[in-house]
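Coordinate inspection notes
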Amino acid sequence: MAEGTLLDGRYRLEHRVGQGATGVVYEAFDTESEGRVAVKVLHDEGSEAANSWTLRRLQREIGALRRISHPNVVSLRDTGLVHERPYLVMEWLGGVDLVALRELAGPLFHSAAGALARQLVDGLAATHRASVLHRDVKPSNVRVTTTGRAVLCDLGLARLRDATSLTRAGQVMGTPRYMAPELIRGEPPTQASDFYGIGLCLHELIVGRRPFDHREDIGALLLSVLDEGVTALDPARYRDRVPTGLIELVNGWCDRDPERRPTSAALIDGLLPAVPPGAAASRLRDLIAHATARRESGRGTTDAWARVSNADTGVTLRGSDLVTHAVAGAEAVSLTARNTPGARDRRPPMLSLGDVTQALVLHRITPRNAASRLREAVGMAQRGESREALDLLATIGTVGAEQLGPGDPTTLTARFWQAVCLARLGSSEEALALLATVNAHTGPAVPPDDGEPPPAPERAAPAPEKNEKGDPG
Ligand SMILES: Nc1ncnc2c1ncn2[C@@H]1O[C@H](COP(=O)(O)OP(=O)(O)OP(=O)(O)O)[C@@H](O)[C@H]1O
């Protein structure tokens, strides 16, 4: 949608802020109230299936936001239609998200950590009181405004607590790095799963590093989340800068066992440090001022802002916008399986030529429409429909490799998501082998353990381009 467009004669789109799985977000001017607002316009994905998914997700976000009115949850102002595409109008939240806050301001101290925890708990409590589960609490979905107000955003995955899921049992939704272990196992979400998300956000801001940061491939990441869990914080180590009660809470929220996570208001209130409201807000406000000043002066931007733009994506396949778009919202996974012992020896499952012809006919994939089918398949994978997505992704990968080249971004993205689906379905060996082939085209140019040079890409990936935020894709 062009900047300057006036929606319903009222909201003037000023500039594009970013895009998520459902739509593009613009900073806009409300000519009626003469204030700033955020407008999210539904993506037009092209295919009917993809459109219906984004539409359902946007409707879910609208439905959830309508039920909640709280300063620590983004507020919905209006909804409308533009060229038959729904849009929603939200309060404008300046400031930064928690990913940027950590990158630009470093680990949190005393009152700021306490103030942030208090506000996140209050926002989540309001969400739960409205019988809504957020289901996607992660650093990129929490913004802290310039006045020091922490706000939960992006309720696109939210659902009514007792409603039947739009997804089938066993489906996985969300971002593995921040997903509660029970959700990865396909169990239904609960309030305790949302508290896990808050626990991880605070853990990350206290430590100053993402959880499971040492896990660079999806197989190892999933195993760590399920089998090891987040490393508990040692209260003695943080005593000087974070109140002990808060450390205890964070450790409790990060517990792998949902039953052991503190969710009762009385328990939480007993452990949360009492922070004088004025002092807390001013501490957070100062931090945001510091972070935004750093962002504006460009300091710490090289790596930091590249990652901020992709928030939890973390996947840096180089190449066209297609890849940047296709992996938006994907797991925070770096593709470095190349050094996994034996990974290079294993071949990913490939379809035979007969299968390829069959699959081509079945999925009607051509090099021309591969990109849009890929988006559709990635959407399915993101919704947790791993089994269904797998088939389509394997075909796109094969067609891509044959017709576009094995190093083409479409091929690599399809292969990457194929590996994600395989890992989710328990075939981690195959997933690792597939990731190793993706790595051969995208990984850093370090020789594998045996000193052998990495295989040369059969078709060089294009030079990194800038994505819509001006960051390297
Ligand atoms: N009310 C708001 N005010 C200011 N910025 C916002 C607001 N809502 C969203 N944004 C920003 O717009 C961008 C897109 O947000 P959106 O919620 O659509 O997706 P996301 O959270 O980045 O991804 P996904 O939906 O895939 O999880 C993000 O950078 C987000 O911080």
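Residues numbered from 1 in each chain as written. Predicted model: local features only at pLDDT ≥ 70, side-chain atom pairs only at ≥ 80, totals over all residues. Heavy atoms only, no water.

1. Digging into unusual backbone geometry
In the Ramachandran plot, Glu-34 falls in the positive-phi region, its phi being about 55° despite a non-glycine side chain. The backbone phi angle of Asp-154 is positive, close to 55°, even though this residue is not glycine. One can find Asp-154 in the loop between strand S10 (150–152) and strand S11 (159–160). Residue classification places Asp-154 among the buried positions, given a relative accessible area of 19%. (Helix = DSSP H or I, 4+ residues; strand = E, 2+ residues; numbered from the N terminus. Buried < 20%, exposed > 50% of the residue type's maximum accessible area, 1.4 Å probe, protein only.)

2. Structural notes on the site of the ligand
Surveying the vicinity of the ligand reveals 17 residues, the closest of which are Ala-21, Glu-91, Asn-141, Arg-143 and Asp-154. In this structure, a nitrogen atom belonging to the ligand sits 3.0 Å away from a main-chain N or O atom of Glu-91. A distance of 3.0 Å separates a nitrogen atom of the ligand from a polar backbone atom of Leu-93. Protein burial of the ligand: of its 610 Å² of free accessible surface, 90% is covered by the chains. Only strand S4 (35–42) and strand S6 (85–91) provide two or more residues apiece to the shell around the ligand. Residue composition of the shell around the ligand, grouped by class: seven nonpolar, three polar and seven charged. (Near = heavy atom within 4 Å. Polar contact = N/O pair within 3.5 Å; in protein donor to acceptor, adjacent residues only side chain to side chain. Areas by Shrake-Rupley, 256 points an atom, 1.4 Å probe, with all protein chains shown as cover. Nonpolar A, V, L, I, M, F, W, Y, C, P; charged D, E, K, R; others polar.)

3. With respect to the pairing of S6
In terms of burial, S6 is a largely internal element, six of the seven residues being buried. Examined bridge by bridge, S4 and S6 share five bridges and lie antiparallel to one another. Across the sheet, the residue bridging to Lys-40 is Leu-88, located in S6. Taken together, the six bridges between strand S5 (residues 76–82) and S6 define a ladder with antiparallel strand orientation. What sits directly across from Thr-79, in S6, is Leu-88. In textbook terms, the turn of a hairpin is the stretch between consecutive antiparallel strands, and for S5 and S6 this stretch comprises two residues, one of which, His-83, has a positive phi near 45°. (Pairing = 2+ DSSP bridges.)

4. Considering the UniProt feature "binding site: ATP" (unreviewed entry) in the protein
With numbering aligned to this structure, UniProt lists the feature "binding site: ATP" (unreviewed entry) at Lys-40. For Lys-40, the position within the fold is in strand S4. Lys-40 sits in the buried class, given a relative accessible area of 7%. In contact with Lys-40, other than residues within four places in its own chain, are Thr-22, Gly-23, Val-24, Val-25, Leu-58, Glu-61, Pro-86, Tyr-87, Leu-88, Met-90 and Asp-154. (UniProt positions renumbered as here; feature names shortened; annotations may be inferred. Contact = heavy atoms within 4.5 Å.)

5. Regarding the packing of helix H5 (residues 191–207) against helix H8 (residues 244–253)
Following both chains from N to C, one finds H5 and H8 inclined at 130°, their axes separated by 8 Å at the closest point. Between H5 and H8, the interaxial angle falls into the category oblique. As H5 runs across H8, the sense of the crossing is left-handed. When H5 is examined against H8, the residues Phe-195, Tyr-196, Ile-198, Gly-199, Leu-202, His-203 and Ile-206 are found in contact with a partner set consisting of Ile-247, Val-250 and Trp-253. In terms of residue class, the contact of H5 with H8 is built from eight nonpolar, two polar and no charged. (Axes fitted to C-alpha atoms, helices over the stretch in contact; angles between N-to-C directions. Parallel < 35°, antiparallel > 145°, perpendicular 65-115°, else oblique. Left-handed = near helix turned anticlockwise from the far one by under 90°.)

6. What to know about the sheet that holds S6
One open sheet holds the six strands; their spatial order is S1-S2-S3-S4-S6-S5, and the pairing between them is antiparallel. Edge positions in the open sheet fall to strand S1 (6–7) and S5, since each of these has one partner strand only.

7. Looking at the sheet that holds strand S9 (residues 142–144)
Strand order in the open sheet formed by three strands is S7-S9-S10, and the pairing between neighbours is antiparallel. Looking at strand neighbours, the two that pair on one side only are strand S7 (96–97) and S10, the edges of this open sheet. Pairing of S7 with S9 involves two bridges; the strand directions are antiparallel. Its bridge partner lying in S9, Val-96 is registered against Val-144.

8. Topic: the environment of Thr-145
Mapped onto the secondary structure, Thr-145 falls in the loop between S9 and S10. The spatial distance from the C-alpha of Thr-145 to the C-alpha of Asp-97 is 8.5 Å, given a sequence separation of 48 residues. When neighbours within four sequence positions are excluded, Thr-145 is seen to be in contact with Leu-93, Gly-94, Gly-95, Val-151 and Ile-288. A polar side-chain atom of Thr-145 sits 2.9 Å from a polar atom in the side chain of Thr-147.

9. Description of the packing of helix H14 (residues 370–382) against helix H16 (residues 409–424)
Contact geometry for H14 and H16: axes closest at 10 Å, N-to-C directions at 20°. Accordingly, the angle class assigned to the pair H14 and H16 is roughly parallel. At the point where H14 passes H16, the crossing takes the left-handed sense. Between H14 and H16, the contacting residues are Ala-370, Leu-374, Val-378, Ala-381 and Gln-382 on the first element and Thr-410, Thr-413, Ala-414, Trp-417, Cys-421 and Arg-424 on the second.

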